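One-letter residues, chain by chain:
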Amino acid sequence: MKDVVFGQLYPVDSPVHRADARAKFLIMIIYIVTVIFADSFMQFALIALLLLVVMLMSRVPPLKVLSSLKAIIVLAVVTFIFTVLLNKGNGAENESIYVVFGPFCICTSGLMTGAFILCRIVLLVIGPALVTLTTTPVDMADAIEFLLAPLKLIKVPVHAFGMIMSIALRMIPTLFEETQRIMNAQKARGACFDHGNIFKRIGALVPVLIPLFVSAFKRSADLADAMESRCYNGGKGKTRMKVLRFRAGDIIAMLLSAALLFFVLVCVYNWWNWSWVEFMRTGAV
Amino acid sequence: MEEANKTIISVKNAVYKYNRDTEDEVTALRGVSFDIAEGDFVALVGANGSGKSTLARLLNALYVPDEGEVLVGGVSTDTGDSDKLFGIRRTVGVVFQNPDNQMVASVIEDDVAFGPENLGLPPAEIRERVDYALECVGMSEYKKGTPFRLSGGQKQRIAIAGVLALRPKVLVLDESTAMLDPRGKKEVLDVVERVRAEDGMTVVMITHFPDEAARADRVIALDGGKVVMDASARKALSDVETLRAYGLDAPLPARIAYEMRKRGALLPDGIVTAEDLAEALCGKNI
């Protein structure tokens, strides 16, 4: 099992790794919105180019980044096939329909739309993958807690969420070890986890899950004692050792990503009827 | 014991019951009284179920006694005032048995910072305390690392650092070596010796290992929720018969001396450590 502390982190030193996790998280959100708004291949090309620049800056090997696509390959292929098959064409003159069988057909606009959605999915996966490859889960949890801070105004217990995330990250390897230990103990007494049909296998997990839950509750009681002993009182008046500070680079990167979003919106809506926008709409779907 | 020091913890006739007023009521402590002075090194010994871990939780107000009271620095632990509660927990730091169940963060220095962060100290002071605490337990070079790959002894030293970062006056170790291998035990005990020697820390060590209790100056033995022995470590631990009556073992050298005395050897009283025994044997021709 991969170490949860480092998660997917590719441990090299780079400007992207050093950037503030909160900035990366915000940029990721802006990026996702941008990719969803973008409506032409030319805009995708621009986004992909910028993404490539960030990837090169991060010094994470491109293959490592691309391997994050493995998880969604089935989804992407299925989406592509159905988009192509179910698209009836746009009825234009120059439309060529290649194959027809029953209710399905393969036509130019179908292929275009399919490819477009495929690009969108790939971009949507690679961007966030770059964030997880360059940020530790601990920093991510801190960033999320910080970004949720405005919710304190409507009495959402943001500090508790942060504490829960921190403890969950902390406890995953411990509970994983415990699971292994319990499984071994049950195996030693003749339990069998890898035979029989799916129901038998699920049934075989019950004697693992029950002791696991019991021990998790015991641990949580101990942890509560230890936390209280160390003056925890629900985060009232708590300060932080590590003060998160946005650096100039973080702010510039956030502004640039906001500028990209704005640029894409201009390309999509062309509020001011600028003529060059037509170029960015090349390959619009 | 040294000169009459200021009393820092005072337990007065404390009674504690689990599941009070239900069918499952269990009385863990039945009127326990003792005083601990600043700078004392006390070992609390007792068989399983003697109430010693319950007592540890009374000392820093995790539990409040049902009868009697516990005073820390003159303040009763039975207080709803969170400032007073903070004061008590800053004074008495408790390290528990399982190091895995005491850590809240996945990065060592963040975990050590947890206590001072809760106190609301300024970041620079937290940093200073964390560095000091990690230095104390000799784990400074691991501070950016994670606790998962450490040995049990190292993890427990981190847990001690987490408590030391609160700068307590009293360090309570609730069977903190019970889950460790001999090397881990030694690591933890060495840290305890160091904070005692360097900072004059008051230490209350709860243990069922007689050899560990032998490091203390004073031994308090519990049985069935009552104090059955409260004497200097030398006197208490060399009393093999009494200890045995309460389900406790004396340290091995004390037991050897006891058996030899039974067989007619003329050995002096108060043999607790291997050095004592060696001295007694070599100084005398049997």
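Residues numbered from 1 in each chain as written. Chains lettered and ligands numbered in written order. Predicted model: local features only at pLDDT ≥ 70, side-chain atom pairs only at ≥ 80, totals over all residues. Heavy atoms only, no water.

## Thoughts on the overall build of chain B
In step 1: From N to C terminus, chain B includes 11 helices and 10 strands.
In step 2: Radius of gyration (C-alpha) of chain B: 20 Å, near the 19 Å computed for a compact globule of 286 residues.
In step 3: Dimensions of chain B along its principal axes, counting C-alpha atoms only, are 65 × 50 × 40 Å.
In step 4: Every one of the 286 residues in chain B was classed for burial, and the buried ones make up 55%. (Helix = DSSP H or I, 4+ residues; strand = E, 2+ residues; numbered from the N terminus. Rg over C-alpha atoms; globule rule 2.2 N^0.38 Å. Buried < 20%, exposed > 50% of the residue type's maximum accessible area, 1.4 Å probe, protein only.)

## Thoughts on the sheet that holds strand β1 (residues 7-18) of chain B
Residues and elements named next belong to chain B.
In step 1: Spatially, four strands are ordered β2-β1-β4-β5 in an open sheet, and the strand pairing comes out antiparallel. Each edge of the open sheet carries a strand with a single partner, namely β2 (26-37) and β5 (75-76).
In step 2: Note: β1 against β2, nine bridges, orientation antiparallel. Its bridge partner being in β2, Ala 14 is matched across the sheet by Val 32. (Pairing = 2+ DSSP bridges.)

## Things to note about helix α11 (residues 274-282) of chain B
Residues and elements named next belong to chain B.
In step 1: Of the residues making up α11, those classed as buried are Asp 276, Leu 277 and Ala 280. For α11, the buried positions fall inside an angular range of 95 degrees around the axis, keeping them on one side. Every exposed residue of α11 that faces more than 90 degrees away from the buried side is listed here: Glu 275, Glu 279 and Cys 282.
In step 2: On its buried side, α11 packs onto α8 (233-238) and α10 (252-262). (Arc of directions from axis to C-beta. Contact = heavy atoms within 4.5 Å.)

## Some remarks on the pattern of salt bridges
In step 1: The tally for this structure, following the rule as stated, stands at 33 salt bridges over all chains.
In step 2: As a salt-bridge pair, Asp 39 of chain A and Arg 281 of chain A come within 3.1 Å of each other at their nearest N and O atoms. One end of the pair, Asp 39 of chain A, is in the loop between α2 (21-37) and α3 (41-58); the other, Arg 281 of chain A, is in the segment after α11 (277-280), with 242 residues separating them in the sequence.
In step 3: Judged by its relative accessible area of 14%, Asp 39 of chain A falls in the buried class.
In step 4: Given a relative accessible area of 23%, Arg 281 of chain A falls into the partly exposed group.
In step 5: Where Asp 174 of chain B meets Arg 57 of chain B, a salt bridge forms, and the shortest distance between an N and an O atom there is 3.2 Å. On the criterion of sequence distance, the pair formed by Asp 174 of chain B in strand β7 (residues 170-174) and Arg 57 of chain B in helix α1 (residues 52-59) is long-range, its members being 117 residues apart.
In step 6: When its relative accessible area of 4% is taken as the criterion, Asp 174 of chain B is described as buried. (Salt bridge = Lys/Arg side-chain N within 4 Å of Asp/Glu carboxyl O.)

## Let's talk about the interface of chain B and chain A
In step 1: Counting residues at the interface gives 39 residues for chain B and 33 residues for chain A.
In step 2: Here chain B and chain A share an interface that buries about 3200 Å² over both sides, 54% of which is from carbon and sulfur atoms.
In step 3: Applying the counting rule to chain B against chain A returns seven salt bridges.
In step 4: Notably, a salt bridge pairs Glu 228 of chain A with Arg 89 of chain B, separated by 3.5 Å at the nearest N-O pair. (Buried area = accessible area lost by both parts, 1.4 Å probe.)

## Let's talk about the nonpolar core
Residues and elements named next belong to chain B.
In step 1: Membership of the largest hydrophobic core comes to 56 residues, with the highest contact counts inside it found for Val 112 and Ile 160.
In step 2: In terms of residues, this core owes the most to one element, helix α5 (residues 152-164), which gives six residues.
In step 3: If we skip the residues at most four places from it in the chain, Ile 160 touches Val 95, Val 137, Leu 171, Leu 173, Val 188 and Val 191.
In step 4: In terms of nonpolar packing, the next biggest core, distinct from the first, is built from 31 residues, Phe 34, Leu 44, Val 92 and Val 172 among them. (Core = buried A, V, L, I, M, F, W, Y, C linked by side-chain atoms within 4.5 Å.)

Function cannot be inferred from these measures alone, as they are strictly geometric.
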